[in-house]
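A closer look at the structure
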Amino acid sequence: MKKITLLFSLSSLFLVFFSSCGEDNVILENHRYLDNDYEIISERLNLPKEGHSYILEFPDYYRNTNFSVGNRPQDTDKITLGRVLFYDTALSGDQSISCASCHIQSKGFSDVVAQSVGVEQRLTPRNSLALGSVFSFAEYYGQVNQPGIPFLWDNSATTPEEQIRKALENENEMGIDINLLEDRIKNQADYKVLHKYAYGSEEIDKDNLIDAIGAFINSIASLDTKFDRAFDKDLYILNLNSFSPAELPNSFTSFSNQENRGMEIYKVSCGSCHGPVINAPSRLAENNGLDAEINSDLGVGEHSTLSSDHGKFKVPTLRNVALTAPYMHDGRFATLEDVVEHYSTGVKNHPNLSHDLKNGLNPRHLNLSQSDKDALVAFLHTLTDNKLNTDDKFSNPFK
């Protein structure tokens, strides 16, 4: 794999990448703190003096995808400040939780409970979405003021910054007045140093803090799964010098027979919504038949006010899905096996049920054999990225 520039398309929901004909196109420079500044930082934080590199190593097969491209650079200093803020409990109203409390790195940046615990032990109404479920978070959202795929279960946020503000202000999550953020950390010497490197001034600005958290989230990328490595290995064997997502192979030489069977089932039965190349969903929101009737959580319909959106929720991508239990917007399913069983036999005829899950007027059931259920679960396990989920540059920096 080469180190190349992250690119994105404004017209496509799929990730694409570009490699220059000559040297690799590197957009992040090596960083080094001055001695005095590093001494201040090191009192509370474990940060390398030279700074972490956030240059991404993209699979070769993505650079062979036929889509137009754009460019989004990443700023190491902003990412570093954002990482510290992401793990700081000072950002919550009662200083009891951080962003990382509900987005745990080892769990694909998801939580382990159906409803996360917010300030004052309040429960969130929905399951915590996995930040590590996407190929590249920056591409997932799109550019500032030029949004890509919306986020949150009800698709009500179109940028990381908007999502961050919602989480900070939500009384069941972080529960803090954004105007208080500056006061909480403005006297911390290490924050002054980090803010100076990121924004050129030691004077803390709340908008910069939100921007920095967004920069850290945008740096999250899941690029090194068994699926990606298998695709790269077979790229030239399969003669896929230029291909579209619909041409996802039916088998890989380094997959087991069971994993290849699971990939085939995924492509035929799951890819139409979740995305055939595991990088972005084909649909933004759908109802997947969890219930037969519209209930109190209207999902997308809550803010769109359209009755046709009642009960529709975000269609997530599935990278690291084996780590992110429990599943669905309300965390009702404890295991992947439960999820597969739902699509095999349990889909209910909700008034707004996705057309992909209907046979005429009735719900569509996959009716998978036990061996096919096991195969699909085995394939989903190939989407785990152990590098992302253990990488120090995404971990808690506090001593």
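Residues numbered from 1 in each chain as written. Predicted model: local features only at pLDDT ≥ 70, side-chain atom pairs only at ≥ 80, totals over all residues. Heavy atoms only, no water.

**Looking at the packing of helix α13 (residues 336-346) against helix α14 (residues 370-381)**
Packing of α13 against α14 brings their axes to within 10 Å, and their N-to-C directions diverge by 130°. As summarised for this structure, α13 and α14 are arranged oblique, according to the angle between their axes. Pair α13 / α14 crosses with right-handed handedness. Every residue of α14 that contacts α13 at L336, E337, V340, E341 and S344 is listed here: K373, L376, V377, L380 and H381. Looking at the contact of α13 with α14, its residues break down into five nonpolar, two polar and three charged. (Axes fitted to C-alpha atoms, helices over the stretch in contact; angles between N-to-C directions. Helix = DSSP H or I, 4+ residues; strand = E, 2+ residues; numbered from the N terminus. Parallel < 35°, antiparallel > 145°, perpendicular 65-115°, else oblique. Left-handed = near helix turned anticlockwise from the far one by under 90°. Contact = heavy atoms within 4.5 Å. Nonpolar A, V, L, I, M, F, W, Y, C, P; charged D, E, K, R; others polar.)

**Quick notes on empty space enclosed by the protein**
Left-over empty space is what a probe sized like a water molecule reveals as it rolls over the atoms. Overall, the coordinates contain four cavities of 30 Å³ or more when judged by the stated rule. Approximately 110 Å³ is the volume attributed to the largest cavity. If you trace the largest cavity, you find it lined by N287, N288, L290, D291, E293, I294, N295, D297, G311, F313, H329 and H350. Here the residues of the lining of the largest cavity are counted per class, giving three nonpolar, six polar and three charged. (1 Å grid on protein atoms, 1.4 Å probe; cavity = no way out; pocket = protein on both sides within 12 Å on 5 of 7 lines; lining within 4 Å. Points joined across faces, edges and corners; volume = space filled by probe spheres on them.)

**A closer look at helix α10 (residues 257-269)**
In this model, α10 (13 residues) spans 18 Å end to end at C-alpha, consistent with the 18 Å of a helix rising 1.5 Å per residue. Among the residues of α10, those classed as buried are E259, N260, G262, M263, I265 and Y266. The elements touched by buried residues of α10 are α9 (226-234), α11 (271-274) and α14. (Expected span 1.5 Å × (residues − 1). Buried < 20%, exposed > 50% of the residue type's maximum accessible area, 1.4 Å probe, protein only.)

**Examining the environment of K348**
Inspection of the secondary structure assignment puts K348 in the loop between α13 and β7 (358-359). Looking at K348, the relative accessible area reads 39%, which means it is partly exposed. The spatial distance from the C-alpha of K348 to the C-alpha of K358 is 9.6 Å, given a sequence separation of ten residues. Apart from the residues within four sequence positions on either side, K348 is in contact with G289, L290, D291, A292, L353 and P363.

**Examining the environment of F231**
Structurally, F231 can be placed in helix α9. On the accessibility criterion, F231 (0% relative accessible area) is buried. Between the alpha carbons of F231 and P249 there is a distance of 8.6 Å; along the sequence they are 18 residues apart.

**Digging into the side chain of S395**
Summarising the element assignment, S395 is placed in the segment after α14. Within the local environment of S395, its side chain forms a polar contact with the backbone oxygen of D392, the two atoms lying 2.6 Å apart. (Polar contact = N/O pair within 3.5 Å; in protein donor to acceptor, adjacent residues only side chain to side chain.)

**Topic: the pattern of salt bridges**
In total, this model carries 22 salt bridges according to the counting rule given. Residue K78 is joined to D211 by a salt bridge in which the shortest nitrogen-to-oxygen separation is 3.9 Å. In this pair, K78 sits in helix α2 (residues 76-86) while D211 sits in helix α8 (residues 206-219), placing the two residues 133 residues apart along the sequence. Of the charged contacts in the structure, one is a salt bridge between R165 and D207, with a shortest N-O distance of 2.8 Å. In this pair, R165 is assigned in helix α5 (residues 160-169) and D207 in helix α8, connecting sequence segments 42 residues apart. (Salt bridge = Lys/Arg side-chain N within 4 Å of Asp/Glu carboxyl O.)

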